[in-house]
Structure formats: C-alpha cells, structure tokens
Amino acid sequence: MNATCSALTPDWSSRMKALVAREYTTLDGVIVTDLPKPVAGPGEVLLKVEAAALNPLDLALITGAMKDFFPVEHPLVVGMDAAGTVAEIGQGVTAYAPGDPVLAFTGQAGAVAEYTVVAVGPHLAKRPAGLAAQRAAAIPESGMTATCLLRAVGLTAGESVLVVGATGGIGLYAVQLAASLGAKVIATAIPEDADYVRGLGAHGTVDYKTGDVAEQTLRQVPDGVDVVVDLINRGDALSSTARAVRDGGRLVSPLFGPQDLGRGVTGVYIGSFTAEPGDLENLAARAADGRLRVETGATYPFADAPQAVSDFAGKHIRGKVVITVP
C-alpha cells in the first residue's frame, strides 16, 4: 500500500524561534525555543525582526521583580525594542506595506524573536534610509522614555540638569536631547566614560563610584541644578539624589519615589512612558542624519541571546545591548 507522509509533516512556516521565559525565573532561565508565529490582527503589522535591544525592565519582567506593577503572561517573549521589515499587514492598515523597513516598541514583550506583532500608532515608525536595523533597534524604548522624561518636567534652554545613569540606554538619549534643548548637562560617569558623555553633550561629569553624587554636583552648581533626571534610583533613594536640586526645582524618574522631597522640589514619576505621535519618527530621523548618536555597547547573535541577558545584567555595558536576528 502506498503511503504519504505529508499529513505528518509539521508546518514549520507557522512556527518561529524566540527568546522565552516560561515562568518567573532567574536570568539564566531564559531559552531560545520554538513558538507559534504571531498573526497581524486589525490595525497591526507583522514585523520580520532583524535586530532587537534589551532594556532594564526586561530583566525585572523575567524575574518578576516588579510583577505588582508590570505583570506578564507566560510564556514571555523577552524584549520590547525591534527593527526589521513589515512581513504582513492586518485589516485596515494603509500606512504600511509588506517590505517597509520599520522600528518599533512592542510593549512589554515580543521583540527578541523572528517575528513580532505591533499596532500601528506612535510606537511604530518607518525606518529612514541610512538607519540600519541594528542601530534602529537601540532607539524605541530608551529614546521615547528620555523624550517623555524631559517633556514631563518641561526642561528648557538655559536650565541645568543632572542625569543619573547617563551611560545607560535611556541616559544615552537623555543627555543628548537635554543638550539639544540648550540645557547645561551634568552626567554621572566613571573616568573611563567621561569623554564619552561629554561627546554626547554633557558639560560636566560626576564619578558615582568615588563619592556622593549630590555633593559632587553641588560643588559644580552650588545652588543646585534645576532638574535631576534619575534613571537608577527608586523609592526613598531618590530623596538623596534630590539634594542636588535647587529649592523649587524638579526631579523626574521612570520609576517611583516619595511624594514629598522637601524644599519645594517637585517629584515627577512617569511609570511607563506615553509617546506622542511623531516622537519615534523624530528620533529615527535624528539618528539617520547624525544628529542623534546611537551607542551600541555590545552585539550578540540570536543564538547567544541568553548570554546577552546575562551580560546585560552583570556587566557595565555602555549604551545599548543589541541582538541580531537572522
């Protein structure tokens, strides 16, 4: 009797590889494995990922360290920054077409995978000519968070600002965007990174390893800076950073902190950012024409994505960590 194996052959076209946490786990518990390939729904595009970037929140989502604020569904596809090309469009999508190069913020999950789905809106933008996927993937979450932080405190030309965490992903853009607004920027940096942050636009630096950041800042600006952008501390630790702010100044953080910082200092805590239309396009255009530096501190092939997570958590890596996807 003749037989055919076609019915037993799996449809690999409906599967994809992704970096996954199957439950809240330690950072060495993430694996690259097969998952169903997502499908673009109405108002969405399916993105063929070429590169993805890691962010500090990814680590907390993996371990569950912030599950009270940011709960996730498992399996969790790690990552929220992606760049690549549109593979398919969902019903009602007219602004994008298959083959369009794009960059995107995917939300809390989905980026470190062969495919991901993104809703059409301010978290998705066409990738300008001259902006490679590897650089583009390093922009969305960090760039839009930096944009929203500075917008939240209304930073203006002539003001002074201390950026705590200046050599990290968000700090990379916060320093540059603040400087482009005409602010005088002081950035935290170890001596080896001092020239780097000055190249981003910082006027001065403080070495967070050799002394109190607020005290060092006050030596440079005795009356205190107008604004502190703190990307590292949260909770009561922000009260220490707030000592660098002048009376009546502002402190802004993407995390959470005290409501009363004393001396009329206003604390602004944005939690998750809210992008406005055009934010991501503006960042991409600046990066493409050289007005915005994109610093990639380490790049890993997709097969080494678990190692990228481990290194991102355990090493001092300047700028962004990017994973390339074949």
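Residues numbered from 1 in each chain as written. Predicted model: local features only at pLDDT ≥ 70, side-chain atom pairs only at ≥ 80, totals over all residues. Heavy atoms only, no water.

Caption draft 1: Looking closely at the overall build of the protein chain. When helices and strands are tallied, the protein chain shows nine helices and 16 strands. Taking all 326 residues of the protein chain together, 53% fall into the buried category. With 25 positive and 34 negative side-chain charges, the protein chain shows a separation of 3 Å between the mean positions of the two kinds. (Helix = DSSP H or I, 4+ residues; strand = E, 2+ residues; numbered from the N terminus. Buried < 20%, exposed > 50% of the residue type's maximum accessible area, 1.4 Å probe, protein only. Lys, Arg positive; Asp, Glu negative; His and termini not counted. Charge placed at Lys NZ, Arg CZ, Asp CG, Glu CD.)

Caption draft 2: Representation of helix H4 (residues 169-180). Its twelve residues place the ends of H4 17 Å apart at the C-alpha level, agreeing with the 16 Å of an ideal helix rising 1.5 Å per residue. Most of H4 sits inside the fold, with ten of its twelve residues counted as buried. Within H4, burial applies to Gly169, Ile170, Gly171, Leu172, Tyr173, Ala174, Val175, Gln176, Leu177 and Ala178. Of the surrounding elements, those touching the buried residues of H4 are helix H3 (140-152), strand S9 (160-164), strand S10 (184-188), helix H5 (194-200), helix H8 (279-288) and strand S16 (320-324). Of the residues trailing H4, glycine 182 is marked for its positive phi of about 95°. (Expected span 1.5 Å × (residues − 1). Contact = heavy atoms within 4.5 Å.)

Caption draft 3: Up close: helix H1 (residues 56-63). Every buried residue belonging to H1 is among Asp58, Leu59, Ala60, Leu61 and Ile62, and all of these are buried. Immediately downstream of H1, the backbone of glycine 64 shows phi near 85°, a positive value.

Caption draft 4: Examining the sheet that holds strand S12 (residues 225-230) more closely. The six strands are arranged S11-S10-S9-S12-S13-S14 in an open sheet whose pairing can be described as parallel. For this open sheet the edge positions go to strand S11 (204-206) and strand S14 (266-269), each flanked by a neighbour on one side alone. Here the strands of the sheet are splayed against their neighbours by 20° on average, with no regard to which way each runs. Bridge count for S9 against S12 is four bridges, and the pairing is parallel. Residue pairing for S12: valine 164 is matched across the bridge by aspartate 230. Of the strands in this sheet, S12, strand S13 (245-253) and S14 are in contact with H3, which crosses S13 at around 150°. (Pairing = 2+ DSSP bridges. Axes fitted to C-alpha atoms, helices over the stretch in contact; angles between N-to-C directions.)

Caption draft 5: Spatial organisation of the pattern of salt bridges. Inspection of the entire model under this criterion finds 14 salt bridges. Between aspartate 289 and arginine 291 there is a salt bridge whose closest N-O contact spans 2.9 Å. Taking relative accessible area as the criterion, arginine 291 reaches 51% and is therefore assigned exposed. Salt bridges sharing common partners tie together Asp193, Arg293, Glu295 and Arg318. (Salt bridge = Lys/Arg side-chain N within 4 Å of Asp/Glu carboxyl O.)

Caption draft 6: Quick look at the layout of surface pockets. Its volume calculated, the largest pocket comes out at about 1100 Å³. For the lining of the largest pocket, the secondary-structure elements that each account for two or more residues are H1, H3, H4, helix H9 (305-314) and S16. There is about 170 Å³ of room inside the second largest pocket. Forming the boundary of the second largest pocket are Thr147, Leu150, Arg151, Leu155, Leu177, Ser180, Leu181, Asp279, Asn282 and Arg286. The residue inventory of the lining of the second largest pocket, partitioned by class, reads four nonpolar, three polar and three charged. (1 Å grid on protein atoms, 1.4 Å probe; cavity = no way out; pocket = protein on both sides within 12 Å on 5 of 7 lines; lining within 4 Å. Points joined across faces, edges and corners; volume = space filled by probe spheres on them. Nonpolar A, V, L, I, M, F, W, Y, C, P; charged D, E, K, R; others polar.)

Caption draft 7: Highlighting the packing of H3 against H8. Relative orientation of the contacting elements H3 and H8 amounts to 115°, with a least axis distance of 10 Å. As far as their axial angle goes, H8 and H3 are roughly perpendicular. Taken as a pair, H3 and H8 cross one another with a handedness that is right-handed. Side by side, H3 and H8 meet where Pro140, Gly143, Met144, Thr147 and Arg151 of the first sit next to Asp279, Leu280 and Leu283 of the second. Within the contact of H3 with H8, the residues separate by chemical class into four nonpolar, two polar and two charged. (Parallel < 35°, antiparallel > 145°, perpendicular 65-115°, else oblique. Left-handed = near helix turned anticlockwise from the far one by under 90°.)

Caption draft 8: Spatial organisation of the packing of aromatic side chains. Here the structure, examined in full by the defined rule, presents two aromatic pairs. The interplanar angle of 20° and the centroid separation of 4.7 Å between the aromatic rings of phenylalanine 69 and phenylalanine 256 together place this pair among those described as stacked. Separated by 187 residues along the polypeptide, phenylalanine 69 in the loop between H1 and strand S4 (76-77) and phenylalanine 256 in the loop between S13 and S14 bring together distant segments of the chain. Judged by its relative accessible area of 51%, phenylalanine 69 is exposed. Here the guanidinium or amino end of lysine 37 rests over the ring plane of tyrosine 115, the centre of that ring lying 4.3 Å away. (Phe/Tyr/Trp six-rings, centres within 6.5 Å; stacked < 30°, edge-to-face > 60°. Lys NZ or Arg CZ within 6 Å of the ring centre and 35° of its normal.)

Caption draft 9: Here's a closer look at the side chain of aspartate 207. Tracing the chain through its elements places aspartate 207 in the loop between S11 and helix H6 (213-220). Although aspartate 207 is buried, it makes no salt bridge; lysine 209 carries the closest opposite charge, 7.1 Å away. A distance of 3.0 Å separates a polar atom in the side chain of aspartate 207 from the backbone nitrogen of lysine 209. Setting aside anything within four residues of it in sequence, one finds aspartate 207 in contact with Ala189, Ile190, Pro191 and Gln216. (Polar contact = N/O pair within 3.5 Å; in protein donor to acceptor, adjacent residues only side chain to side chain.)

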